[in-house]
Amino acid sequence: MVYIGESVGRLEDSRLLKGVGRFVDDVDAPGQLWLRVVRSPLAHARVRGLDTARAAALPGVTAVFTGEDVRHIDRIPQRLKLTDDDVSSSLQPVMAQKYVRYVGEPVAVVIGEDPCLVEDAAELVDLDLEQLPVLLDAREATAAPATQPDVPNIATTLHVGYGDVEAAFAAADHIVSNEFRIGRHSGVPLETRGVLAVPDVGRRTLDIWGYTKVPHFNRRLLAELAEIPEVSIRVHNVDAGGGFGIRGEFYPEDFLVPFFAQRLGRPVKWIEDRVEHMMSANQSREQIYELELAIDASGEILGMRCEMWHDNGAYLRTHGVTVPQLAATMLPGPYRIPAFDAHVHVALTNKCPAGTYRSPGRYEGTFARERLLDMAAQELGMDPIELRAINLLRTDEMPHGRAMSALGTDMVLDAGDYQGLLKRTLEASDFADWKRTVETAPHDGKLYGLGIACFLEKSGLGPYETAALEVDPSGRVRLIVGGTSLGQGIETVMAQVAGETLELDLNCFEVVHTDTEHSRDGMGSWASRSSVVGGSAVLVAAQKLKRTITEIGAELLRCEPDEVEYTGGEVHRRGRSRKHVTLQQIATACDPVSSARRGREAGLRSTGIFEVQHMTYPYGVHLAMVEIDAETGGVRVLRYFVGYEVGRAINPKLVEGQIRGGIAQGLGGALYEVFAYDAQGQPLSTTFMDYLLVTASETPVDVGVLITEDAPAPDNPLGVRGAGEGGTTAAGAAIANAVADAIGRADAVSELPVTPASIRATLRT
Amino acid sequence: MLLKNDFSLPLPPESAFGALLDLERVAACMPGAQLSGTSGDDYLGTIQLKVGPIKASYEGTVRIAETDAAGLKAVLQATGREVDGHGSAEASIRAGVTAEGNGSRVRIETDLNVQGRAAQFGRGVLGEVTQRIIEQFAQNLEAELLGPAGSAAGEQVTTAPEPATDNGSLDAWQVIVLPQLKKSAPQIAVTAIGVLIGMLLGRATCRRRHGTRDASGHGARAAAGPDRWS
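Residues numbered from 1 in each chain as written. Chains lettered and ligands numbered in written order. Predicted model: local features only at pLDDT ≥ 70, side-chain atom pairs only at ≥ 80, totals over all residues. Heavy atoms only, no water.

Colleague: What exactly am I supposed to notice about the overall build of chain B here?
Modeller: A tally of helices and strands in chain B yields 6 helices and 8 strands. Along the chain direction, N to C, the helices and strands of chain B fall in the order β-α-α-β-β-β-β-β-β-α-α-α-α-β. Going through the 230 residues of chain B one by one, you find that 52% of them count as buried. Total accessible area on chain B is roughly 9,600 Å²; 48% of this is exposed by carbon and sulfur atoms. (Helix = DSSP H or I, 4+ residues; strand = E, 2+ residues; numbered from the N terminus. Buried < 20%, exposed > 50% of the residue type's maximum accessible area, 1.4 Å probe, protein only. Areas by Shrake-Rupley, 256 points an atom, 1.4 Å probe, with all protein chains shown as cover.)

What follows is the structure, encoded as structure tokens:
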């Protein structure tokens, strides 16, 4: 039975398409109360006082809590600790204490009988705030006086690199440099955040719905902060309407809802509304680069130097310095860059805190690097593709170590044919035809351009993942995984790995995740790790279960394991006897008494763990063709193509879906989406009227995807590389390069998103 | 947000300047606004705005911070807060009067700082709403000061009448063309406070010549030109 490599339909879809999925807002508890967060209307202020009397007096309001009620609670720690610096003063408290640092920061919560009632009541909480000056630019933060006594403007600085950069620049024939800016945008999942917490006062337990992405970590964190035994908290599975890195991290509300539910002894539910989401869920991407390349006369890169200002908003949240660190360490990309130096200022400003968003750091860095390469090509009089081709690492240079650490792992580009993929992508897309099309297009007030961008991704972060299998006497197999669903199809992919190994129909499997009662441990789903690390853990568990089934089958057939054969869940005695036992018979025979007689634990089950030290690095190429209306400055993407090496595609259709969805999100950051703030730090993009989420209308129809499996990852038994982010990574770069090409000046674009206004301004100069 | 307006008045500059500082009389011209009293140097006011089915109330104070009688200039400081909610507005209003023919020209710069939900809703809407409210206010003021005889100063008010509700407040519901957007109510009301504050100065025969905003505002109209007071 072959499942790995087959585009089987998603197991999730049978419930999601019938409308019988279960999202957090579908879950209600008898007697539940509703929570509404009172949020700061100011971007920076001293909290002089809060008067909750009017809100508390409203009939139906159960309680109003303020920062005073959680004064003893520690700040929310980093989930990923990637710096040794003490950044504790930059972390976010679960509720504002003396200061508020961004519009949307929780200052109080109102809990009552009805969601509309608590929304009204929240407006009656009287806030006495003394407005303070705001800091809104990461670059200004380095020189500006501290805006607040306890919190630094610069949370920390990072310095990464290798080789002799000074010598590289001294030896250069050409030095190309430019400033690049990436706009603040983020993943905006269809489903907003939400939490339902149900305390059992008698049994002293707490049940939670709504944790996703990293449920085990979030449970552990809640246990620590609220001083509840971890074992007393059960996180239940829910479907998730998108993740993209931002949804499922531990936010203040993930503490406040269960904490106050516990305190009141009543179920409490909170569902975020869209306006709240747009001002309080992690934003991302906002960075400024001063990037320099040293190049010799033949076009070979000698060195790269970068100073970067990363705008992390008001606090460091659970991601800590993940985004700026990945931006810096992944900046050399797939190229041979003998010397590299990056200096990163992680700035705190009075905007919504930032975290990871699909392809964090790589989207930004790829934009800066690939733009600068086009500018270098123009200066050198070289074809941009040729310049890239000669600098891409060759197969004989792999594996390629870089003396840096990314996400706490040593950086070793494991395997790959970067130049080969570029060639294959140009062929598969028929790029020669793209050129002809652009050259022969009529000059009817339109400008046409082509953009190319090469990129390196990273995936499969360890250190480990777990999986477990249990066979029911009915023959149903429960597959418990440590990863979680973000809508990516994890249940299908994990079942494919188990199904192929155990030779069982996929419908035999019930895939369980995000349920701490069944899944005792798990690292969650992020960093394109689930197929790589989680899939490998499933493989290990399935291979163990197959051995166990074989052994027990042999015992039931009263022979030795080497005398039987495993086939499709059944165990057959070799030779002419034709005696066999079915999976159901074997599972039935694993009852406690029979198992004990055979000297085994009861039940037919196995567990697997997969550990890995290094990440695996997928790579790819994006191509874009754009049309610019010279009058309006409007950009249309006419054609798009992605070539992406995934090592091995467990489900090619799902990989393609990941890439296509990723392109749409990358396109958003390239042309449309930006979280704007006014001079006072008021967020101006709090609805979809102002935050221009890409729709089907803006997404190009002509999208081609080439998935290659030429370089299986050596560090995992499936050979897979992560596929979740490569559709997004180079979209900003490729589209910006195409726009600059259409304008006819390599330096025409240095900021994302590229807006009609900026294009018109450029065309006029 | 910087709002700039200027008006011609058929009064000598000194008289015009004196009239400008009579806050109590001009308040009535602001749609939905009332002065409710004084507290020390502060004038207390409320403004209620009806946006379709929604009413929003704001409380505010305005105070004459500086007067330069010789130079015919004054600075007013004003603040307003949403009654049920966390919105607020602050305005610093600089006004000056110069001679123009037989009458005067009044120039007003309002540095309006709106915070809270109102500011966050709809880029560009704030400026548009402001402009409409100024127009309504200008008409009311003209009617108040000149009576039915109308345009004594010989100029025509060019704006079309705005729809008004039975209590005289501007029905921004019809004006702002965003009827589906419930949350716009506080925005419009907060804007109205700023406008009230700005326009409290614009007493006497108001002839709105220019309504300009700074270049950062969406949909900004042409700048007022070289005669811009600063």
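Colleague: Mind showing me how you'd approach the overall build of chain A here?
Modeller: Each helix and strand in chain A was counted, giving 21 helices and 29 strands. Along the three orthogonal principal directions, the C-alpha set of chain A runs to about 85 × 75 × 50 Å. Sorting the 765 residues of chain A into buried and exposed places 62% on the buried side. Within chain A, contacts between residues separated by at least 24 positions form 81% of all contacts whose residues are at least 6 apart in sequence. Of the roughly 27,300 Å² of accessible surface on chain A, 49% is carried by carbon and sulfur atoms. (Contact = heavy atoms within 4.5 Å.)

Colleague: How should the sheet that holds strand β24 (residues 580-581) of chain A be read in this particular structure?
Modeller: Across a sheet, paired strands are connected by hydrogen bonds in the backbone, their directions being either parallel or antiparallel. Residue and element names in this part refer to chain A. Spatially, the 3 strands line up as an open sheet ordered β22-β23-β24, and their pairing is antiparallel. Each of the sheet's edge strands pairs with one partner strand only, and the pair in question is β22 (564-567) and β24. With 2 bridges connecting them, strand β23 (residues 570-573) and β24 associate as antiparallel partners. Looking across to β24, one finds that histidine 572 is bridged to histidine 580. Packed on one face of the sheet, helix α15 (residues 530-556) meets β22, β23 and β24 and runs near 130 degrees to β22. (Pairing = 2+ DSSP bridges. Axes fitted to C-alpha atoms, helices over the stretch in contact; angles between N-to-C directions.)

Colleague: Just checking my understanding: could you explain the sheet that holds strand β5 (residues 106-112) of chain A for this structure?
Modeller: Residues and elements named next belong to chain A. Pairing within the open sheet is mixed, and its 7 strands lie in the order β3-β5-β1-β12-β9-β10-β11. Lying at the two open borders of the sheet, with one neighbouring strand each, are β3 (61-66) and β11 (233-236). In this sheet, neighbouring strand axes are inclined to one another by 20 degrees on average, regardless of whether the strands run parallel or antiparallel. Note: strand β10 (residues 205-209) against β11, 4 bridges, orientation parallel. Each residue of the ladder has a partner; that of leucine 206, found in β11, is isoleucine 233. Taken strand by strand, helix α6 (residues 215-226) contacts β10 and β11, and its axis lies near 150 degrees from that of β11.

Colleague: For this particular structure, what's the right way to read the state of the cysteines?
Modeller: Cysteine pairs can be covalently joined through their sulfur atoms, and such a bond is termed a disulfide. Applying the stated criterion to the full structure yields 0 disulfides over all chains. Free of any disulfide, A:Cys559 has its nearest neighbouring cysteine sulfur in A:Cys590, separated by 16 Å. (Disulfide = S-S within 2.5 Å.)

Colleague: Can you help me understand the interface of chain B and chain A in this one?
Modeller: Often the size quoted for an interface is simply the accessible area lost on bringing the parts together. Taken together, the contacts link 18 residues of chain B with 27 residues of chain A. With both sides pooled, the region where chain B packs onto chain A buries about 1,700 Å², and carbon together with sulfur makes up 43% of that total. Seen at the junction of chain B and chain A, the total is 2 salt bridges. Taking the shortest distance from any N to any O, the salt bridge between A:Arg54 and B:Asp84 comes out at 3.1 Å. At the boundary of chain B and chain A, one finds 10 residue pairs in polar contact (both at pLDDT 80 or more). When residues of the side of chain B that touches chain A are traced back to their parent elements, those giving at least two are β7 (103-115) and α3 (117-120) of chain B. (Buried area = accessible area lost by both parts, 1.4 Å probe. Salt bridge = Lys/Arg side-chain N within 4 Å of Asp/Glu carboxyl O. Polar contact = N/O pair within 3.5 Å; in protein donor to acceptor, adjacent residues only side chain to side chain.)

Colleague: What is the right way to look at the side chain of A:Gln496 in this model?
Modeller: Residues and elements named next belong to chain A. With respect to the secondary-structure elements, glutamine 496 resides in helix α14 (residues 490-502). Residue glutamine 496 is classed as buried on the basis of its relative accessible area of 0%. If we skip the residues at most four places from it in the chain, glutamine 496 touches Tyr3, Ile4, Glu6, Val8, Leu506, Ile650 and Asn651.

Colleague: In this structure, what is going on with the nonpolar core? I would like to understand it.
Modeller: Side chains that are nonpolar tend, in soluble globular proteins, to be buried together. All names here are of chain A. Of all hydrophobic cores here, the largest spans 155 residues; its most connected members are Phe255, Tyr640, Ile735 and Val739. Sorting elements by how many residues they give to this core places helix α20 (residues 731-743) first, with 10 residues. Apart from the residues lying within four places of it in its own chain, the contact partners of isoleucine 735 are Ala624, Val626, Val637, Tyr640, Leu667, Ala670 and Leu671. Of all hydrophobic cores here, the second largest spans 47 residues; its members include Tyr3, Ile490, Val497 and Val511. (Core = buried A, V, L, I, M, F, W, Y, C linked by side-chain atoms within 4.5 Å.)

Colleague: Any chance you could explain the packing of α6(A) against helix α7 (residues 252-264) of chain A here in plain terms?
Modeller: Residue and element names in this part refer to chain A. The interhelical angle for the contact between α6 and α7, taken along N-to-C directions, is 60 degrees, at an axis separation of 10 Å. In terms of axis orientation, α6 runs oblique to α7. As α6 packs across α7, the resulting crossing turns out to be right-handed. Contacts between α6 and α7 involve Leu222, Leu225 and Ala226 on the former and, on the latter, Asp254, Phe255, Pro258 and Phe259. Across the contact of α6 with α7, the residue classes tally to 6 nonpolar, no polar and 1 charged. (Parallel < 35°, antiparallel > 145°, perpendicular 65-115°, else oblique. Left-handed = near helix turned anticlockwise from the far one by under 90°. Nonpolar A, V, L, I, M, F, W, Y, C, P; charged D, E, K, R; others polar.)

Colleague: I tried to follow the packing of aromatic side chains on my own but got confused; where do I start?
Modeller: Pairs of aromatic rings are described using the distance from one ring centre to the other and the angle between the two planes. Residues and elements named next belong to chain A. In total, this model carries 11 aromatic pairs over all chains according to the counting rule given. Considering the side-chain rings of phenylalanine 65 and phenylalanine 260, the 4.1 Å spacing of their centres and the 5 degrees angle between planes classify their relative orientation as stacked. Here phenylalanine 65 is found in strand β3, whereas its partner phenylalanine 260 is found in helix α7, with 195 residues between them in sequence. Using a relative accessible area of 6% as the deciding quantity, one classes phenylalanine 65 as buried. The buried category is assigned to phenylalanine 260, whose relative accessible area is 0%. Taking the centre distance of 5.8 Å and the plane angle of 80 degrees together, the rings of phenylalanine 180 and phenylalanine 367 count as edge-to-face. Note that phenylalanine 180 is positioned in strand β8 (residues 174-182) and phenylalanine 367 in helix α10 (residues 362-380), a separation of 187 residues in sequence. One aromatic cluster is present, built from ring pairs that chain together Phe65, Phe255, Phe259 and Phe260. The ring centre of tyrosine 251 lies 4.1 Å from the NZ or CZ of arginine 193, which sits over that ring. In this structure, arginine 529 packs its charged tip against the face of tryptophan 526, placed 5.7 Å from the ring centre. (Phe/Tyr/Trp six-rings, centres within 6.5 Å; stacked < 30°, edge-to-face > 60°. Lys NZ or Arg CZ within 6 Å of the ring centre and 35° of its normal.)

Colleague: Any chance you could explain unusual backbone geometry here in plain terms?
Modeller: Residues apart from glycine generally show negative phi values, whereas peptide bonds are mostly found in trans. All names here are of chain A. Cis rather than trans, the peptide bond between methionine 398 and proline 399 has omega equal to -10 degrees. Relative to the elements of secondary structure, proline 399 occurs in the loop between α11 (384-391) and β16 (400-406). That bond from leucine 752 to proline 753 is cis: its omega, -5 degrees, falls within 30 degrees of zero. Structurally, proline 753 is set in the loop between β29 (751-752) and α21 (756-764).

Colleague: Would you mind showing me how to read the pairing of strand β2 (residues 45-51) of chain A here?
Modeller: Along a regular strand, successive side chains alternate from one face of the sheet to the other. Residues and elements named next belong to chain A. Sheet analysis places β2 next to strand β4 (residues 99-100), joined by 2 bridges and oriented antiparallel. The residue of β4 that forms the bridge with arginine 46 is tyrosine 99. As paired strands, β2 and strand β6 (residues 126-131) are joined by 6 bridges and run antiparallel to one another. Paired with aspartate 51 across the two strands is aspartate 126, which belongs to β6.

Colleague: What is the right way to read helix α13 (residues 431-439) of chain A from this model?
Modeller: Since the α-helix turns once every 3.6 residues, residues separated by three or four places project in the same direction. All names here are of chain A. Burial in α13 covers these residues: Phe431, Trp434 and Val438. Down the axis, α13 shows its buried residues gathered within 45 degrees of arc, on one side only. Buried residues along α13 sit in contact with α11, α12 (418-428), β18 (446-456), β26 (619-629) and β27 (635-645). (Arc of directions from axis to C-beta.)

Colleague: Just to check I follow, could you spell out the environment of A:Phe431 for this structure?
Modeller: Residue and element names in this part refer to chain A. Residue placement: phenylalanine 431 occurs in helix α13. Once the C-alpha coordinates of phenylalanine 431 and glycine 104 are considered, the two residues, 327 residues apart in sequence, prove to be 47 Å apart. Other than its neighbours up to four places away in sequence, phenylalanine 431 contacts Ile385, Leu426, Leu450 and Leu623.

Colleague: Would you take a moment to explain the environment of A:Leu196 for this structure?
Modeller: All names here are of chain A. Note that leucine 196 resides in strand β9 (residues 194-200). Looking at leucine 196, the relative accessible area reads 0%, which means it is buried. Not counting the four nearest positions on each side in its chain, leucine 196 is found in contact with Val24, Val27, Asp28, Ala29, Gln32, Asp207, Ile208, Trp209, Val268 and Lys269.

Colleague: Please clarify how the pairing of β5(A) should be interpreted in this entry.
Modeller: Residues and elements named next belong to chain A. Burial analysis of β5 places 7 of its 7 residues in the buried class, which makes it a mostly covered element. Pairing of strand β1 (residues 33-39) with β5, which is carried by 6 bridges, proceeds in the antiparallel orientation. In the sheet register, valine 37 faces β5, and the bridge partner there is valine 109. Pairing geometry for β3 and β5, over 5 bridges, is antiparallel. When the bridges of β5 are listed, valine 61 appears paired with glycine 112.

Colleague: Any chance you could explain the pattern of salt bridges here in plain terms?
Modeller: Where charged atoms from two side chains of opposite charge approach closely, those side chains can pair. Residues and elements named next belong to chain A. All told, the structure shown has 61 salt bridges over all chains when counted by the stated rule. Notably, a salt bridge pairs glutamate 290 with arginine 139, separated by 2.9 Å at the nearest N-O pair. Of this pair, glutamate 290 sits in strand β13 (residues 287-295) while arginine 139 sits in helix α4 (residues 138-143), placing them 151 residues apart in sequence. A salt bridge links glutamate 725 to lysine 458, with the shortest nitrogen-to-oxygen separation between them at 3.8 Å. Residue glutamate 725 is found in the loop between β28 (702-708) and α19 (726-729), and its partner lysine 458 is found in the loop between β18 and β19 (464-471); the two are separated by 267 residues along the sequence. Several salt bridges share partner residues, and in doing so they unite Arg36, Arg39, Glu119, Arg193, Glu253, Glu272, Asp273 and Glu276 into one network.

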